[in-house]
Amino acid sequence: MKFNVRCHLLRSVMATVPDTAPLNRSIINMVIENAMPSSLASLDFFKDAYELRIARLKEERVNGIKIVGTFCLYVPDEIIFAAGADRIVLCGGRADTIPVAEQSLPRNICPLIKSSFGAVVDACCEGNLACPHVPLVDVVVAEATCDGKKKMYEILPDYLPTYVLDLPQKPESPEALNYFLSELKKFGKFMEDLTGTIVSEDALRREIRSANETRRLLHRFFGMRKRDPPPIRGSEVLRVMQKQFFLSPDQFRQGISRLCDEMEHAAPETRTGPRIMISGCPMAAGNTKVPDIIEQKGGVIVVEESCTGTRSFWDLVDEDKDPLTALAERYLDIPCACITPNDQRIARIVDLAKQYDVQGVVYYTLQFCHAYNIERLRVQRALKKEKIPMLALESDYGDSDIEQIGIRVDAFLEMIS
Ligand code: BJ8
């Protein structure tokens, strides 16, 4: 096992790992957790919050509050909350729920789809608690994005009631906004029927203000990562961002506020290394493989262009417009590779690379995600024009490619150092 470890602390812990040990995730995690303990005490809030959240959801169910499960940023939380329901995101980032999914789904589809579906099947059929939040869900609100997800949603009703929100595939076409607006109205009506609560204009405005408050806080949080060196590791940010999809908005904001206050006064991090942006597919909870490897190899992750990064909060909803129209405009603007053309994503990536002063971009695709994989070429060309190097990685949730990814990341970091 060969490590090119730039961090002194990391090097001393790696020295305790026998040379013959296989390079696997548990070793990397052990090394990262032990060698580079975070100096940010506020991160503990997020570690503890999940259990509290599960307890709160159980309580809500007893009190008759409906729980909605979602799989995508395109489903506006504001409408769910305005109807008096709660929501939890069901995207799977774990490998252990994939085998059960492969009994029904093809093996050669994206691991996020298999992991998510496997968690639902597991929870519904085996009663096992691989994902303790799945049995708490009353209904899934899915969305018509990539082909794999759309077809999986046709099978999902065998396990959980499922509603599918449609999306215009070409958001820039003149008819797109009106079509999406009508979809959001239908969705609002569906939520009213589910909860018995009218989705009023006032409630929508309240929820838009609340969601914008979270978005502004996240801008403050990410803004601090522009420092050199940044005050927090990228793998820590990812774990925090993954919690955004489980915790209630209040809980999440409380955690981010504390973290920002602490980061503002924290002693600067001592780690230095090439500043890296990760761009591409979401990394759902349980999936931290690539950021862990990048940091283990000495890269400093400063920003993520993904649904577990900037894509989830970058744009705010206009608080002065008719609320449903403002929601339709904002959500249609999400730069996901499932829509076409996706020029705004390419521009966003270049802009982020400049804002965060990145020295290299790691383009991350989940295996068999054709949308992000094909869009890679356009991203690469745009970055090349700006003379920003890019490394493309395609991976699944398994451990078998850790060593190979490590070698490629190592070479990339050497090249841009
Ligand atoms: S807005 S990125 S959360 S669709 S499932 S597209 S990885 S093949 S998750 Fe997504 Fe909404 Fe877009 Fe974000 Fe590819 Fe896998 Fe499909 Fe995926």
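Because the structure is a prediction, the values reported are computed rather than measured. (Residues numbered from 1 in each chain as written. Predicted model: local features only at pLDDT ≥ 70, side-chain atom pairs only at ≥ 80, totals over all residues. Heavy atoms only, no water.)

Our focus in this paragraph is the overall build of the chain. When helices and strands are tallied, the chain shows 16 helices and eight strands. Across the 417 residues of the chain, 58% fall into the buried class. Excluding contacts between residues fewer than 6 apart, the proportion of contacts in the chain whose partners are at least 24 apart in sequence is 74%. Accessible area for the chain stands at about 17,400 Å²; split by element, carbon and sulfur atoms hold 52% of it. (Helix = DSSP H or I, 4+ residues; strand = E, 2+ residues; numbered from the N terminus. Buried < 20%, exposed > 50% of the residue type's maximum accessible area, 1.4 Å probe, protein only. Contact = heavy atoms within 4.5 Å. Areas by Shrake-Rupley, 256 points an atom, 1.4 Å probe, with all protein chains shown as cover.)

For the rest of this paragraph, the subject is the sheet that holds strand S7 (residues 360-366). By definition, the strands of a sheet pair up through backbone hydrogen bonds, in either a parallel or an antiparallel sense. In spatial order, the strands read S6-S5-S7-S8; together these four strands make up an open sheet with parallel pairing. Every other strand in the sheet has two partners, leaving strand S6 (300-305) and strand S8 (390-395) as the edge strands with one partner each. The mean angle between the axes of side-by-side strands here comes to 25°, regardless of whether they run parallel or antiparallel. Two elements, S7 and S8, share six bridges in a ladder whose sense is parallel. Each bridged residue has a counterpart across the sheet, and for Thr365 the counterpart in S8 is Glu394. Sheet contacts for helix H15 (residues 370-385): strand S5 (275-280), S7 and S8; angle to S7, the most-contacted strand, approximately 170°. (Pairing = 2+ DSSP bridges. Axes fitted to C-alpha atoms, helices over the stretch in contact; angles between N-to-C directions.)

What follows deals with the confidence of the model for the chain. Looking at the chain as a whole, its pLDDT mean stands at 90, while 89% of the residues score no less than 70. pLDDT under 50 marks residues 1-36. Its contacts with residues more than four places away, or in other chains, come to 66 contacts. (pLDDT = per-residue confidence, 0-100.)

Taken together, the four strands give an open sheet; going across it, the order is S2-S1-S3-S4, and neighbouring strands pair in parallel fashion. The strands lining the two open edges of the sheet, one partner per strand, are strand S2 (86-89) and strand S4 (162-165). Strand-to-strand twist in this sheet, taken as the mean axis angle between neighbours without regard to direction, amounts to 30°. Summarising the sheet, strand S1 (residues 67-70) and strand S3 (residues 139-143) pair through three bridges and their orientation is parallel. Of the residues in S3, the one forming a bridge with Thr70 is Val141. Across the sheet, helix H3 (residues 43-62) is in contact with S1 and S2; its angle to S2 comes to roughly 140°.

One recurring pattern in soluble globular proteins: nonpolar side chains tend to sit buried together. Ranked by internal contacts, the top residues of the largest apolar core, which has 136 residues, are Phe187, Phe221, Ile256, Leu259, Leu327 and Val358. For this core, the domains that each give at least three residues are domain 1 (4-15 + 61-196) and domain 2 (203-416). Discounting chain neighbours no more than four positions away, the residues touching Ile256 are Phe46, Leu217, Leu218, Phe221 and Val240. (Core = buried A, V, L, I, M, F, W, Y, C linked by side-chain atoms within 4.5 Å. Domains from an automatic or database assignment.)

Taken as a whole and judged by the stated rule, the model has 10 aromatic pairs. Here the aromatic residues Phe221, Phe222, Phe313 and Trp314 are joined through ring pairs into a cluster of three or more. Stacked on the ring of Tyr356, the Lys or Arg Lys226 has its end atom at 5.2 Å from the ring centre. Across from the ring centre of Tyr331, 4.8 Å away, lies the NZ or CZ of Arg330, which sits over that ring. (Phe/Tyr/Trp six-rings, centres within 6.5 Å; stacked < 30°, edge-to-face > 60°. Lys NZ or Arg CZ within 6 Å of the ring centre and 35° of its normal.)

Next up on the list: the pattern of salt bridges. Enumeration over the complete set of coordinates arrives at 35 salt bridges. For Arg94, the salt bridge identified is with Asp96, shortest N-O distance 2.6 Å. Of the residues examined, Arg94 reaches a relative accessible area of 30% and is grouped as partly exposed. Close ionic contact of Arg311 with Glu305 constitutes a salt bridge, the shortest N to O distance being 3.0 Å. (Salt bridge = Lys/Arg side-chain N within 4 Å of Asp/Glu carboxyl O.)

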